[in-house]
Amino acid sequence: MKSDNNCLSINSDKLPMHVAIIMDGNGRWAKKKLKNRIEGHKKGAAAVRDIVSAAGNIGINILTLYAFSTENWQRPRTEVNALMKLLENFFISERDNIIKNKVKLQVIGQIWKMPKNIQAFIKELADITEKNTGLILNLALSYGGREDILSAFKKIIKKIKSDKLKPDEINEETISSHLYTAGLAEPDLLIRTGGEMRVSNFLLWQIAYSELYISKTLWPDFNKEEFFEIIKAFRLRERRFGKVAE
Ligand code: FPP
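> Help me understand the site of the ligand in this model?
Close contacts around the ligand come from 18 residues, with Asp24, Gly27, Arg28, Arg37 and Arg75 the closest. Take Asn26: an N or O atom from its main chain is 3.2 Å from an oxygen atom of the ligand. Here an oxygen atom of the ligand sits 2.8 Å away from a polar atom, N or O, in the side chain of Arg37. For the ligand, whose accessible area on its own is 630 Å², the fraction buried by protein is 92%. Mapping the ligand onto the cavity grids shows that it belongs to the largest pocket. Elements that contribute at least two residues to the shell around the ligand include exactly helix 1 (26-32), helix 2 (37-58) and helix 3 (77-100). The element that contributes the greatest number of residues to the shell around the ligand is helix 2, accounting for 5 residues. A breakdown of the residues in the shell around the ligand according to their chemical character gives 8 nonpolar, 6 polar and 4 charged.

> Would you mind going over the pairing of strand 3 (residues 104-108) with me for this structure?
Look at any regular strand and the pattern is simple: side chains alternate between the two faces of the sheet. Both strand 3 and strand 4 (residues 136-143) contribute to a ladder of 5 bridges, which runs parallel. Following the sheet pairing, Leu105 is matched in strand 4 by Leu137. Handedness of the crossover is the feature at issue here: the chain leaves strand 3, passes through helix 4 (residues 116-128), returns alongside strand 4, and the resulting connection is left-handed.

What counts and how
Residues numbered from 1 in each chain as written. Predicted model: local features only at pLDDT ≥ 70, side-chain atom pairs only at ≥ 80, totals over all residues. Heavy atoms only, no water. Near = heavy atom within 4 Å. Polar contact = N/O pair within 3.5 Å; in protein donor to acceptor, adjacent residues only side chain to side chain. Areas by Shrake-Rupley, 256 points an atom, 1.4 Å probe, with all protein chains shown as cover. 1 Å grid on protein atoms, 1.4 Å probe; cavity = no way out; pocket = protein on both sides within 12 Å on 5 of 7 lines; lining within 4 Å. Sits in = over half its atoms within 2 Å of the grid points. Helix = DSSP H or I, 4+ residues; strand = E, 2+ residues; numbered from the N terminus. Nonpolar A, V, L, I, M, F, W, Y, C, P; charged D, E, K, R; others polar. Pairing = 2+ DSSP bridges. Right-handed = clockwise from strand over helix to strand, strands pointing away.

So, in structure tokens, the structure goes:
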């Protein structure tokens, strides 16, 4: 992770605390270049490295990346395997950088469905970086927004059955605190690359008041310069949270 001269124009005023990204367009990038889809994912993984570094450098607190959805398991076996290999490579090649830059690694989703070796990399790195105070890198793996809400419901029902919680006590905070993102601030800014106007089952509960930014850039071409431009645009937005302007 290199230092960023470009980030000098970004001061800490009104920075989004939590940025979430739907990294879309790897397949179309590859198709445009007459390459295999997997080449698109490879170039996409390189963009992940740059954006993690840029987010840390400008002082963003939480970066949530939609790396693999519950639906992505239905892609061809070769593509799923290639994505798993890229994740493995990411944990191996970024391990030292993550530790050196005080990044705290977290994951959300059905982690138990991921290959065992990836689970082991995650566990090791999450344990080592648990007390780190820099960027929280939150990777969504085998993640689906509906599954997140469903699993929260199941945890809540379990507590009700064992008399640890009364139905009358359930409120929005109860639901938030049983989601995979428990303890994390909700995203201030949701970026989607690749131009599609969809949420694609990402953080459904958590993005209730997030600012949305759709970029036409395909994820492998997304770079820190555009990321900084989006952050600057975010700062000009007026967030009213359903109220009137002050
Ligand atoms: C969507 O593009 C992207 C994905 C399903 C996977 C995202 C994975 C990466 C960016 C690389 C690996 C991640 C890490 C954290 C190292 P798409 O294939 O749906 O693109 P398309 O819409 O153009 O077909």
